[in-house]
Amino acid sequence: MSMNTQGRPTAPGEAGERFRPKTFTGNRGLDMEEPLIFEFGGLETSGVDLDEPDDLEFELGSHKRTASINLPGLAEPEAMRHFVRLSRNNYAIDSGLYPLGSCTMKHNPRLNEKMARLPGFGDIHPLQPVSTVPGALELIDELAHWLMVMTGTEAVAMSPKAGAHGELCGMMAIKAAHTAAGRSPEIVLVPESAHGTNPATAALLGYKVVAIAAKDDGTVALQALKETIAKHDGNIAGIMLTNPNTCGLFERDIMEIADLIHAAGGYFYCDGANFNAIVGKARPGDLGVDAMHINLHKTFSTPHGGGGPGSGPVVLSERLAPFAPLPFIRKTVDGLDLVETEAAVYDGERPFGRMTAFHGQMGMYVRALAYMQSHGSDGLRQASEDAVLNANYVRVGLQDLMTLPYGERPCMHEVLFDDSFLKNTGVTTLDFAKAMIDEGYHPMTMYFPLVVHGAMLIEPTESESRASLDLFIATMRDLVMSAQRGESERFSGAPYLAPRRRLDETGAARKPVLKWTMPEPAEVTPVAAE
Ligand SMILES: *Cc1c(COP(=O)(O)O)cnc(C)c1O
């Protein structure tokens, strides 16, 4: 038995290895069972200790509340513990490697957080007079400037709140440009490997989506594209293409694709979610892109968080620039002006409308600019290079055991495996992913992109150290070998060590229960009076 310097044992003895106590509390050490706040916070108690106000005149008329609002009453330490305990059940980028492909979580540098909390940025309000926030306008303009420089484009709409929202914005600009030219083409081309938000965006705007097949190497089939364009001659609004694509591969024919679409009278929408792989290497504007959203949370280190608060600025080519939505910043001789209404636009500016109530996500703008400025152009280029290097390090570390659908060619920022290596093991892709949870890893992206059977898409990101990648690779190798040795129990019931086992994920997505309702009070039978 190993002892520390005071002679105390530092590891359990033989028997201790095997025994797992069933605890009275349901807690397992630091892994706490935590009820809903409504279940333990008494509705009758209040943590507030104020005198009842005298002579208070209610001015709410019929809006005066009559029933209790049923907020749980907790003392500060109880509230604090509740949320801290819950937070410990969360897997987070700050607790371990987060290998999600495409929708990568990146480290959020603490410097960005410090900048975003500066009172001059953190405490401003969107309804404040514009004359009181020249610094904020300058920051938005500066960020916009660098986004245009990095992408080689002419304009940027800053207000969209996420990648998908940016897609909608870019496609609305494309639709507005067609309308302004007196055209109304009906079709948007979307490659098979596209992220689901691409066809959804096109469909939301009333376009018909036509899929373009992929070649055996995972990139767009030019021949199929040419045939589809010929078939729908004159009716093509544009193409939505992700580059690098969702198989982690660079679309080498991108310039030819751009030429074909432009010759067909369409616009080239690029899904820029994976821009983190090419920053400082290639400028989408030079490749023929007309519109592209940038997920600040995927490329410029701003936090994700349950879908928000996000920011997905859209860069636009010269041809689409006039259609950028309100509000936008205009440079004048007297400084920066915020153009907020149709009445304030100049000739030549033809905004298609507006996407958001206010100006966008100020907190994310500050973080993204802090990230850019702290890295500089050489640092941003290196971040892209490291992202690609790390993904290839994982690829090479696993390619002899796991299967690569497109062969052993280099990938970009993410590496795509398929599940053929699990054939005849009885272990499914889902089981494999669940076993990763027991090892303390968030699973990779699974079953996406749909073009590959049992896809497993891994994006380690640039911020993982070599030691962290080595441990991840070793863990994955151990899992693969265990599956191939037939240790199916390790997988079929996994996760064994998480606070909950397998949940009804489909049910949770389709029929989410988002509101707590008070259980019916138990029926009390009145005792008959004598
Ligand atoms: C993440 C992602 C999107 C959507 O971005 P959100 O900010 O999550 O709305 C679109 N396309 C691709 C390829 C993505 O990875």
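Residues numbered from 1 in each chain as written. Predicted model: local features only at pLDDT ≥ 70, side-chain atom pairs only at ≥ 80, totals over all residues. Heavy atoms only, no water.

- Going by the annotation in an unreviewed UniProt entry, the name recorded for the protein chain is glycine dehydrogenase (aminomethyl-transferring), with Roseibium hamelinense given as the source organism.
- Recorded in UniProt under Catalytic activity (unreviewed entry), the annotation for the protein chain is "N(6)-[(R)-lipoyl]-L-lysyl-[glycine-cleavage complex H protein] + glycine + H(+) = N(6)-[(R)-S(8)-aminomethyldihydrolipoyl]-L-lysyl-[glycine-cleavage complex H protein] + CO2". (UniProt positions renumbered as here; feature names shortened; annotations may be inferred.)

1. Quick look at the UniProt feature "domain: Glycine dehydrogenase C-terminal" (unreviewed entry) in the protein chain
For step 1, the next point in the chain: Under the local residue numbering, the UniProt record ascribes the feature "domain: Glycine dehydrogenase C-terminal" (unreviewed entry) to residues 383–483.
For step 2, the next point in the chain: For residues 383–483, the end-to-end C-alpha separation is 35 Å, with 44% helix and 8% strand making up the annotated structure. (Helix = DSSP H or I, 4+ residues; strand = E, 2+ residues; numbered from the N terminus.)

2. Observations concerning the site of the ligand
For step 1, the next point in the chain: Around the ligand, 14 residues are found, and the nearest of them are Ser102, Gly163, Asp271, His297 and Lys298.
For step 2, the next point in the chain: A distance of 2.5 Å is found between a nitrogen atom of the ligand and a side-chain nitrogen or oxygen belonging to Asp271.
For step 3, the next point in the chain: At 2.7 Å from an oxygen atom of the ligand is found a side-chain nitrogen or oxygen belonging to Lys298.
For step 4, the next point in the chain: Protein chains shield 88% of the accessible area of the ligand, which is 380 Å² for the free molecule.
For step 5, the next point in the chain: Secondary structure elements with two or more residues in the shell around the ligand: helix H7 (163–180) and helix H11 (296–299).
For step 6, the next point in the chain: Classifying every residue of the shell around the ligand gives 4 nonpolar, 7 polar and 3 charged. (Near = heavy atom within 4 Å. Polar contact = N/O pair within 3.5 Å; in protein donor to acceptor, adjacent residues only side chain to side chain. Areas by Shrake-Rupley, 256 points an atom, 1.4 Å probe, with all protein chains shown as cover. Nonpolar A, V, L, I, M, F, W, Y, C, P; charged D, E, K, R; others polar.)

3. Details of the sheet that holds strand E10 (residues 415–417)
For step 1, the next point in the chain: The antiparallel open sheet is built from 3 strands, whose spatial order is E10-E12-E11. Only two strands of the sheet have a single neighbouring strand rather than two, namely E10 and strand E11 (445–446).
For step 2, the next point in the chain: As paired elements, E10 and strand E12 (residues 456–458) share 3 bridges and run antiparallel to each other. The partner of Leu416 across the bridge, within E12, is Leu457.
For step 3, the next point in the chain: Lying on the sheet, helix H12 (residues 362–398) is in contact with E10 and E12; it crosses E10 at an angle near 30 degrees. (Pairing = 2+ DSSP bridges. Contact = heavy atoms within 4.5 Å. Axes fitted to C-alpha atoms, helices over the stretch in contact; angles between N-to-C directions.)

4. Considering empty space enclosed by the protein
For step 1, the next point in the chain: Summed over the entire model, instances satisfying the criterion amount to 3 cavities of 30 Å³ or more.
For step 2, the next point in the chain: Roughly 90 Å³ of volume is contained in the largest cavity. (1 Å grid on protein atoms, 1.4 Å probe; cavity = no way out; pocket = protein on both sides within 12 Å on 5 of 7 lines; lining within 4 Å. Points joined across faces, edges and corners; volume = space filled by probe spheres on them.)

5. Thoughts on the sheet that holds strand E5 (residues 267–271)
For step 1, the next point in the chain: The strand order across the open sheet formed by 7 strands is E1-E7-E6-E5-E4-E2-E3, and the pairing between neighbours is mixed. This sheet does not close on itself; its edge strands, each paired only once, are strand E1 (155–157) and strand E3 (208–212). In this sheet, adjacent strand axes meet at a mean angle of 25 degrees when their direction is disregarded.
For step 2, the next point in the chain: As paired elements, strand E2 (residues 187–191) and E3 share 5 bridges and run parallel to each other. Among the inter-strand pairings, Pro191 is bridged to a residue of E3, identified as Ile212.

6. Concerning the pattern of salt bridges
For step 1, the next point in the chain: As enumerated under the stated definition, the model contains 21 salt bridges in all.
For step 2, the next point in the chain: Residue Arg502 pairs with Asp431 through a salt bridge whose shortest N-O separation is 2.9 Å. Taken together, the positions of Arg502 in the loop between helix H15 (489–492) and helix H16 (505–510) and Asp431 in helix H13 (residues 429–438) put the pair 71 residues apart, joining distant regions of the chain.
For step 3, the next point in the chain: Judged by relative accessible area, Arg502 falls into the partly exposed class, the value being 33%.
For step 4, the next point in the chain: Given the relative accessible area of 10%, Asp431 is considered buried.
For step 5, the next point in the chain: Ionic contacts of the salt-bridge type, sharing partners, join the residues Glu113, Arg117 and Arg367 into one network. (Salt bridge = Lys/Arg side-chain N within 4 Å of Asp/Glu carboxyl O. Buried < 20%, exposed > 50% of the residue type's maximum accessible area, 1.4 Å probe, protein only.)

7. Examining the packing of H12 against helix H14 (residues 466–484)
Two measures define how a pair of helices packs: the angle their axes make with one another and the distance between the axes.
For step 1, the next point in the chain: Orientation of H12 relative to H14, taken along the N-to-C sense of each, is 30 degrees, at an axis distance of 10 Å. Between H12 and H14 lies a crossing of right-handed hand. Two secondary-structure elements touch here, H12 through Asn390, Tyr393, Val394, Gly397 and Leu398 and H14 through Arg466, Leu469, Asp470, Phe472, Ile473, Met476 and Arg477.
For step 2, the next point in the chain: Residue classes in the contact of H12 with H14 are distributed as 7 nonpolar, 2 polar and 3 charged. (Left-handed = near helix turned anticlockwise from the far one by under 90°.)

8. A look at unusual backbone geometry
For step 1, the next point in the chain: Cis geometry is adopted by the peptide bond preceding Pro449, which originates at Phe448 and carries an omega value of 0 degrees.
For step 2, the next point in the chain: For Pro449, the position within the fold is in the loop between E11 and E12.
For step 3, the next point in the chain: Of note in the backbone geometry, Ser301 takes a positive phi value of approximately 65 degrees without being a glycine.
For step 4, the next point in the chain: Residue placement: Ser301 occurs in the loop between H11 and strand E7 (314–316).
For step 5, the next point in the chain: Phi is positive for Thr461, close to 75 degrees, though the residue is something other than glycine.
For step 6, the next point in the chain: Mapped onto the fold, Thr461 is located in the loop between E12 and H14.

9. Brief notes about the side chain of Asp271
For step 1, the next point in the chain: Position of Asp271 relative to the elements: it lies in strand E5.
For step 2, the next point in the chain: Buried and unpaired, Asp271 has no salt bridge, with Lys298 as the nearest side chain of opposite charge at 6.4 Å.
For step 3, the next point in the chain: Among the polar contacts made by the side chain of Asp271, one reaches the side chain of Asn198 at a distance of 3.0 Å.
For step 4, the next point in the chain: Not counting the four nearest positions on each side in its chain, Asp271 is found in contact with Glu167, His195, Asn198, Leu241, Thr242, Asn243, Met292 and His293. (Lys, Arg positive; Asp, Glu negative; His and termini not counted.)

10. Focus: the state of the cysteines
For step 1, the next point in the chain: By the definition in use, this model includes 0 disulfides.
For step 2, the next point in the chain: In this structure Cys247 is not part of a disulfide, and its nearest cysteine sulfur, from Cys411, lies 11 Å away.
For step 3, the next point in the chain: The exposure class of Cys411 is buried, given its relative accessible area of 7%. (Disulfide = S-S within 2.5 Å.)

11. Some points on the layout of surface pockets
For step 1, the next point in the chain: By volume, the largest pocket is sized at about 1,200 Å³.
For step 2, the next point in the chain: The wall of the largest pocket is formed by 34 residues, among which Asn89, Tyr91, Ile437, His442 and Pro443 lie closest to the centre.
For step 3, the next point in the chain: Elements with a contribution of two residues or more to the lining of the largest pocket: H13 and E11.
For step 4, the next point in the chain: At 4 residues, H13 tops the list of elements feeding residues into the lining of the largest pocket.
For step 5, the next point in the chain: The volume enclosed by the second largest pocket comes to roughly 540 Å³.
For step 6, the next point in the chain: Lining the second largest pocket are 24 residues, with Ala155, Val156, Phe328, Ile329 and Arg330 sitting closest to its centre.
For step 7, the next point in the chain: Sorting the residues of the lining of the second largest pocket by element identifies helix H6 (134–151), E1 and strand E8 (328–332) as the ones contributing at least two each.
For step 8, the next point in the chain: When residues of the lining of the second largest pocket are assigned to their parent elements, the largest contribution, 5 residues, is made by H6.

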